[in-house]
Amino acid sequence: MIAAMMTAANLGARITGWGFVVFTVGSIAWSIVGLSTGQTNLLATNGFLTLINLIGIWRWLGKQRAYEDGGKSATEASRRSAAPTLFMATGISGMPVEDETGDRLGKAVEALITCNDGNISYVVVSSNGIGGIGEDLRAVARADLTFACDRLIVRNSRAFYENLPALSDGEWPAYPGETKGAAAS
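Source: prediction; values computed, not measured.

### Quick word on the packing of helix α1 (residues 2–9) against helix α2 (residues 13–37)
Between α1 and α2, the shortest axis-to-axis distance is 8 Å and the interhelical angle comes to 155°. With respect to each other, α1 and α2 are oriented roughly antiparallel. Every pair of crossing elements has a handedness; the one defined by α1 and α2 is left-handed. In this structure, α1 uses Ala3, Ala4, Met6 and Thr7 to contact α2, whose residues at the interface are Ile15, Thr16, Trp18, Gly19, Phe20, Val22 and Phe23. The class makeup of the residues in the contact of α1 with α2 is eight nonpolar, three polar and no charged.

As structure tokens, then:
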């Protein structure tokens, strides 16, 4: 159960990877039980699960961790250089979002990028709710946002943000401010 919570929480490559380590220890233990008691089905099932868990370890403690470490090192290096300050695009999800006075509005859950030029069209912000239950989602246009290294700032008041239309689950607009029923191009 601990490994499942670590993996499901998706708190980064290291936490997820260590969840797979716990899964692997469990599947090896059950394989030993299956081998020592002659339960071939238990042995076969957990032998297969051990293989899957080892792939999870390689994926999350190996490759994904290397991607995250590379992005973090570029971010840190950019803060010490004359080059523009960088942050990882994958880091937008989960970034805190504040209004112009510094009051927390919520957190970014996704950024939508235009295909033709690669620019951010809008960021979906989640507010209220706990763990995604009872949350309100709103699309904030790129023009209304300032990107800081560790947060996003809505260049307006809380009232402006709260007056943005709430998004329906799975029904996000083609562009920020699109009215319901408008044709997407």
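### Let's talk about the nonpolar core
Val97, Ala108, Val123, Val140 and Leu152 are the most contacted members of the largest nonpolar core, which has 14 residues in total. For this core, the secondary-structure elements that each account for two or more residues are β2 (104–113), β3 (120–127) and β6 (152–154). A total of three residues in this core trace back to one element, the largest contributor, which is β2. Membership of the second largest hydrophobic core comes to five residues, among which are Tyr122, Val124, Leu137 and Leu167.

Rules used in this analysis
Residues numbered from 1 in each chain as written. Predicted model: local features only at pLDDT ≥ 70, side-chain atom pairs only at ≥ 80, totals over all residues. Heavy atoms only, no water. Axes fitted to C-alpha atoms, helices over the stretch in contact; angles between N-to-C directions. Helix = DSSP H or I, 4+ residues; strand = E, 2+ residues; numbered from the N terminus. Parallel < 35°, antiparallel > 145°, perpendicular 65-115°, else oblique. Left-handed = near helix turned anticlockwise from the far one by under 90°. Contact = heavy atoms within 4.5 Å. Nonpolar A, V, L, I, M, F, W, Y, C, P; charged D, E, K, R; others polar. Core = buried A, V, L, I, M, F, W, Y, C linked by side-chain atoms within 4.5 Å. Buried < 20%, exposed > 50% of the residue type's maximum accessible area, 1.4 Å probe, protein only.

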